[in-house]
Amino acid sequence: MPTPPSPLPSSNTNTPEYYGCEYLQTMRRQLDSYATTGGEYLEAIFTHREILSSYPSAHHQCARGFSDIAYMLEQRAWRADRDADAEAVSAFRHEAWQIAATM
C-alpha cells in the first residue's frame, strides 16, 4: 500500500509545503471540511482549468497537487456529505493525468 503524501517541511519555517498552485494548496488545507456530495469537486476542476489557461507557467506542480488531493480523499473516513468521494478521486486523478500530459 502506498504511503500517504505528506507535506514537505519548508526550509524557512515549520509550516508544511503543498504541491500545486495556490488554488490547489488552499483546497488541500481545507480538505477536512470539503464536501463532495454536491459536485463541488467538478466546480474545483473547472475553476482550476480557467486559472491554468490564464497563466500556465504557474501550474507546473498541479498534476502532483491533484494526485495528492485524490489520495487524501481516498483515505478519509466516510460521512454523508462525502458520498461522492470515489467519483472525486477519479476526477482528480484524471485531471492530474491531463495536466501532466500537457506540461
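The coordinates are above.
We now turn to the structure provided with this report.

Rules used throughout
- Residues numbered from 1 in each chain as written.
- Predicted model: local features only at pLDDT ≥ 70, side-chain atom pairs only at ≥ 80, totals over all residues.
- Heavy atoms only, no water.
- Helix = DSSP H or I, 4+ residues; strand = E, 2+ residues; numbered from the N terminus.
- Buried < 20%, exposed > 50% of the residue type's maximum accessible area, 1.4 Å probe, protein only.
- Areas by Shrake-Rupley, 256 points an atom, 1.4 Å probe, with all protein chains shown as cover.
- Disulfide = S-S within 2.5 Å.
- Salt bridge = Lys/Arg side-chain N within 4 Å of Asp/Glu carboxyl O.
- Contact = heavy atoms within 4.5 Å.
- Axes fitted to C-alpha atoms, helices over the stretch in contact; angles between N-to-C directions.
- Parallel < 35°, antiparallel > 145°, perpendicular 65-115°, else oblique.
- Nonpolar A, V, L, I, M, F, W, Y, C, P; charged D, E, K, R; others polar.

1. Details of the overall build of the protein
1) Next: Counting its regular elements, the protein contains 4 helices and 2 strands.
2) Next: Helices and strands in the protein line up, N terminus first, as β-β-α-α-α-α.
3) Next: A total of 103 residues make up the protein; the buried ones form 38% of that total.
4) Next: Carbon together with sulfur atoms contributes 55% to the accessible area of the protein, which is approximately 6,400 Å² in total.

2. Observations regarding the state of the cysteines
1) Next: Here the structure, examined in full by the defined rule, presents 0 disulfides.
2) Next: In this structure Cys-62 is not part of a disulfide, and its nearest cysteine sulfur, from Cys-21, lies 3.7 Å away.

3. Things to note about the pattern of salt bridges
1) Next: Taken as a whole and judged by the stated rule, the model has 7 salt bridges.
2) Next: Between Asp-68 and Arg-28 there is a salt bridge whose closest N-O contact spans 3.4 Å. In this pair, Asp-68 sits in helix H3 (residues 62–75) while Arg-28 sits in helix H1 (residues 22–29), placing the two residues 40 residues apart along the sequence. The residues Asp-68 and Arg-28 share a single accessibility class, namely buried.
3) Next: With a closest N to O distance of 2.9 Å, Asp-81 and Arg-79 form a salt bridge.
4) Next: Through salt bridges with shared partners, a single network forms among Arg-28, Arg-64 and Asp-68.

4. A short note on the environment of Leu-24
1) Next: You can see Leu-24 is positioned in helix H1.
2) Next: Note on Leu-24: relative accessible area 1%, which makes it buried.
3) Next: Along the primary structure Leu-24 and Ala-44 are separated by 20 residues, whereas in three dimensions their C-alpha atoms are 8.8 Å apart.
4) Next: Beyond its immediate sequence surroundings of up to four residues, Leu-24 is in contact with His-48, Cys-62, Gly-65, Phe-66 and Ile-69.

5. Focus: the packing of H1 against helix H2 (residues 40–54)
1) Next: Contact geometry for H1 and H2: axes closest at 10 Å, N-to-C directions at 155°. As summarised for this structure, H1 and H2 are arranged roughly antiparallel, according to the angle between their axes. Of H2, the residues touching H1 (which contributes Tyr-23, Leu-24 and Met-27) are Glu-43, Ala-44, Thr-47, His-48 and Ile-51.
2) Next: Considered class by class, the residues forming the contact of H1 with H2 number 5 nonpolar, 2 polar and 1 charged.

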